[in-house]
Amino acid sequence: MPAKPLTIAAAPAFALPVLFLGYAVVANYEFVTGLGRDIAEMPKSAAEYLNGEAAIQIDTYYKKIMPHRLPSIDAMGAARYLAFREGRPGVVVGDDGWLFSKEEFEATLKRTPDLAEAAAGVVEVRDLLAAKGIELVVVPLPAKADIYREHVSYAAIPTDLERLYEDFRTVLDNAGIKSIETRAPLLEAKDKGQLFLTTDTHWTPLGAEVVADAVGSALGKRDTPYTIADAAPVEREGDLSKFIVTGGLAPLVGLGPETVVPREASAPPAASSADIFGPSSIPFVLTGTSYSANPQWSFGESLKVALGSDVLNLAEEGKGPVAPMRAFLDSPTLRDTPPEVVIWEFPVRYLGQTQLWKAGLAKEESQ
């Protein structure tokens, strides 16, 4: 069979491996020749190789001798994104420049055991709080790939994520745990503005406000008339775009920073002066993930307005939804100044993480 002629359209598919192999040859030649010059810096004892210190020293030396390593990785990442619409593990490239967390696409793999484990974990938290007269309210957050499914290339994934959200709410309802409907309000609000960032895992302040309003409608508004105003805009480099390219190359491939306008809530002076009695006057505690903890999204601020009340925000970044709740259950805040209601923000994409519930919850006697 005669060989097919190489077309211009297929050129990137051949050029990219050639560039990569060429770079690998040059880079490792520099490493080997540099190693000969700087052999004195290499670990010499067997113990260093056995205890892992040698690996750290060699990695440090590798970075020192090849300062072009990171820019080269960025260049390769940009080329791969442009040629194949792919990034490093951790990101799924969608249509129209949208990026999605790979965690969302893996969240539905073990639906039944994940949901049973989640239900048992949430019930345990509910019971610990109920023993102190505190109400637990769960705020399940739908996946970005569900809300913006029109930018997802795999049609079955958003449908699975929609089902996962509904199933999670069902198991909470069956366990007698109050949860807030957030998916429908987010879908209805899409024509008001962007609810999730294009190149980031997280929502925008508008998305946070929509969910806060849903919480306020469900729990009722109290009597402190909070107002909210825009703060100074910030430029945010998307956490998902970093799986493809960073720094100056990002804007060149359409993955530049996005503008976020945080919001700040304030109470009238009379209401603020009431806080001289300390945190015991705060009826609501918010805990959860970076969706709540990061001040750029302003979820806690929007909750103050929607609830007409101060909200103590104890959410934490980078720890998922369960660890911050455990920290709160072990905290002096719960022991000394218990709130009336605990609001637990819980993205459904975490339901597929096997380590989410592995550690035991705080015990009653430890508080």
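As a reminder, the structure under discussion sits directly above these lines.
The shown structure was predicted, so the numbers you read here are calculated from the model rather than taken from an experiment.

Further remarks concern the overall build of the protein chain. Looking only at helices and strands, the protein chain features 16 helices and eleven strands. In the protein chain, once contacts between residues fewer than 6 apart in sequence are set aside, the share between residues at least 24 apart is 77%. For the protein chain, the computed accessible surface area is about 17,900 Å², with 60% contributed by carbon and sulfur atoms.

Tracing the backbone through its elements, the reader meets Ala145 in helix H7 (residues 144-147). With a relative accessible area of 0%, Ala145 lands in the buried category. Distance from Ala145 to Glu162, taken between C-alpha atoms, is 9.3 Å for residues 17 residues apart in sequence. The contacts of Ala145, once residues within four sequence positions are left out, are Phe100, Glu104, Phe105, Val152, Pro158 and Leu161.

As enumerated under the stated definition, the model contains 19 salt bridges in all. For Asp160, the salt bridge identified is with Arg163, shortest N-O distance 2.9 Å. With a gap of three residues between them, Asp160 and Arg163 both fall in helix H8 (residues 156-174), about one helical turn apart. A relative accessible area of 24% places Asp160 in the partly exposed class. Owing to a relative accessible area of 40%, Arg163 belongs among the partly exposed residues under this scheme. Between Glu316 and Lys319 there is a salt bridge; the shortest N-O distance is 2.8 Å. By relative accessible area, which is 47% here, Lys319 ends up partly exposed. A network of salt bridges, in which partner residues are shared, links Asp146, Arg149, Glu162 and Arg183.

So, about unusual backbone geometry. Even without glycine at this site, Asp96 takes up a positive phi of about 60°. Within the secondary structure layout, Asp96 lies in the loop between strand S1 (91-93) and strand S2 (99-101).

Attention now moves to the sheet that holds strand S9 (residues 284-287). Within the open sheet, the five strands sit side by side as S4-S3-S11-S9-S10. Their pairing is parallel. Each having just a single partner strand, strand S4 (178-179) and strand S10 (311-313) make up the two edges of the open sheet. Pairing between strand S3 (residues 135-141) and S4: two bridges, direction parallel. Following the sheet pairing, Val137 is matched in S4 by Lys178. Against the sheet, H8 contacts S3, S4 and strand S11 (341-347), and its axis sits at roughly 170° relative to S3. In the packing of helix H14 (residues 299-307) onto the sheet, contacts are made with S9, S10 and S11, and the angle to S10 comes to roughly 165°.

Turning next to the nonpolar core. Judged by nonpolar contacts, the single largest core of 68 residues is most densely connected at Leu136, Trp344 and Phe346. Leaving out residues up to four positions away in the same chain, Phe346 has contacts with Val138, Val139, Pro140, Leu141, Phe168, Pro321, Val322, Leu351, Leu356 and Trp357. Ranked by size, the runner-up nonpolar core spans eleven residues in total, among them Ala78, Val91, Val245 and Ala250.

So, on to the pairing of S9. Here S9 shows no split at all, with Phe284 and Leu286 on one side and Val285 and Thr287 on the other all buried. By the bridge criterion, three bridges tie S9 to S10 in an arrangement that is parallel. Note on S10: the bridge partner recorded for Phe284 is Val311. For S9 and S11, the ladder comprises four bridges, and the chain directions are parallel. Of the residues in S11, the one forming a bridge with Leu286 is Ile343.

Right, let's get into H14. The buried fraction of H14 amounts to eight of the nine residues, a majority that puts the element mostly inside the structure. All buried positions along H14 are accounted for by Phe299, Gly300, Ser302, Leu303, Lys304, Val305, Ala306 and Leu307. Directly after H14, the chain includes Gly308, whose backbone phi takes a positive value near 60°.

Conventions adopted
Residues numbered from 1 in each chain as written. Predicted model: local features only at pLDDT ≥ 70, side-chain atom pairs only at ≥ 80, totals over all residues. Heavy atoms only, no water. Helix = DSSP H or I, 4+ residues; strand = E, 2+ residues; numbered from the N terminus. Contact = heavy atoms within 4.5 Å. Areas by Shrake-Rupley, 256 points an atom, 1.4 Å probe, with all protein chains shown as cover. Buried < 20%, exposed > 50% of the residue type's maximum accessible area, 1.4 Å probe, protein only. Salt bridge = Lys/Arg side-chain N within 4 Å of Asp/Glu carboxyl O. Pairing = 2+ DSSP bridges. Axes fitted to C-alpha atoms, helices over the stretch in contact; angles between N-to-C directions. Core = buried A, V, L, I, M, F, W, Y, C linked by side-chain atoms within 4.5 Å.

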